[in-house]
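Observations on the model geometry
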Amino acid sequence: MKNILVPTDFSPEAHYAFEVAVRLASRTGGHVTLLHALELPETAGFSTYGGPVGGSELPNSSGGMEEVYALKLLQVTKHRMAGLLAEAGRLAPTVPVRDMVQTMRVGSAILQVIDEQGIDLVVMGAQGHTATEHFFLGSNTERLVRTAPCPVLTVKHPAGSFEVRTLLFPSDFSAEADRAVPELRRVRAVFPDATLHLLHIVTDAQQRENALDTIDAFATRHQLKNYKPAVVVAPRPAEAIPQFVKLVEADLVLLPTHGRTGLSRLLQASIAETVATQSFPPVLTFRL
């Protein structure tokens, strides 16, 4: 969790994500790349980050009003990015933060930067599904959760200093869940004093005892310490997880996004997307 990417549309949710990323980088000794994607008219003649193609500071006569608009938009964007860089300097002076502006669709820009910069964590604002059209409408965040090759931390609300005291890991704790343990260990290394809640969701109350045994076996197998087992009876995991989040006041939820066999029912991508955009605390999704 050291090479962190934060896509921003300058919305409140994106700002919450930016604050979390800077504080997380301060904990891990990492650095942050702040990305904004501009979808400019093809006729504007602008290249990636800053100014028209060819290096001129003014639009040429053939571009017309579209190029003037594009130049003004880039200037405003640079100004807003500079404000965020200054804020990062106040929040965590030791954290290196750089800004990037890409002139392409946001999803393509994010995936390109992940690949080119070797990003190991994306921290992204999530608004959920609303009637207002925003850059990070729920579907865009969910798409990134599905497609990103690295973990994605989604943030919906202010997280303050991002002091994580309670972690929640929902799973069926089968043998396949063992594949999630490396990511689980990485998070525990960043927040070693946090209490880990291991949540098993079942559809029948008669499965409760077996589920508790499965949790304890998982914890023993991986030598997990400072954990609390929990079993919840519910028909739909996507509803049960947010409810349990509130019950234990979880500060961070860890959720794999691609399961096969037993995990596919509980942790299929659609459930991870729903939880990531609806739960109150930040949600870390990662691919198995």
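See the structure printed just above.
Everything quoted here is computed from the prediction, not taken from an experiment.

Basis of the calculations
Residues numbered from 1 in each chain as written. Predicted model: local features only at pLDDT ≥ 70, side-chain atom pairs only at ≥ 80, totals over all residues. Heavy atoms only, no water. Core = buried A, V, L, I, M, F, W, Y, C linked by side-chain atoms within 4.5 Å. Buried < 20%, exposed > 50% of the residue type's maximum accessible area, 1.4 Å probe, protein only. Helix = DSSP H or I, 4+ residues; strand = E, 2+ residues; numbered from the N terminus. Contact = heavy atoms within 4.5 Å. Salt bridge = Lys/Arg side-chain N within 4 Å of Asp/Glu carboxyl O.

**Focus: the nonpolar core**
Within the largest apolar cluster, 52 residues are counted, with the highest numbers of intra-cluster contacts made by Val123, Leu153 and Leu252. In terms of residue count, the dominant contributor to this core is helix H1 (residues 12-28) (seven residues). In this view, Leu153 contacts Val20, Leu24, Leu121, Val122, Val123, Met124, Phe162, Leu252, Pro282, Val283 and Leu284; residues no more than four positions away in its chain are not counted. Listed in part, the 17 residues of the second largest apolar core include Met100, Ile114, Met124 and Val145.

**Regarding the pattern of salt bridges**
All told, the structure shown has five salt bridges when counted by the stated rule. Between Glu176 and Arg179 there is a salt bridge, with its nearest N and O atoms 3.6 Å apart. Using a relative accessible area of 11% as the deciding quantity, one classes Glu176 as buried. Of the residues examined, Arg179 reaches a relative accessible area of 41% and is grouped as partly exposed. One salt bridge connects Glu183 with Arg186, and the closest N-O pair in it is separated by 2.8 Å. Of this pair, Glu183 and Arg186 both sit in helix H5 (residues 181-190), separated by three residues, roughly a single helical turn.

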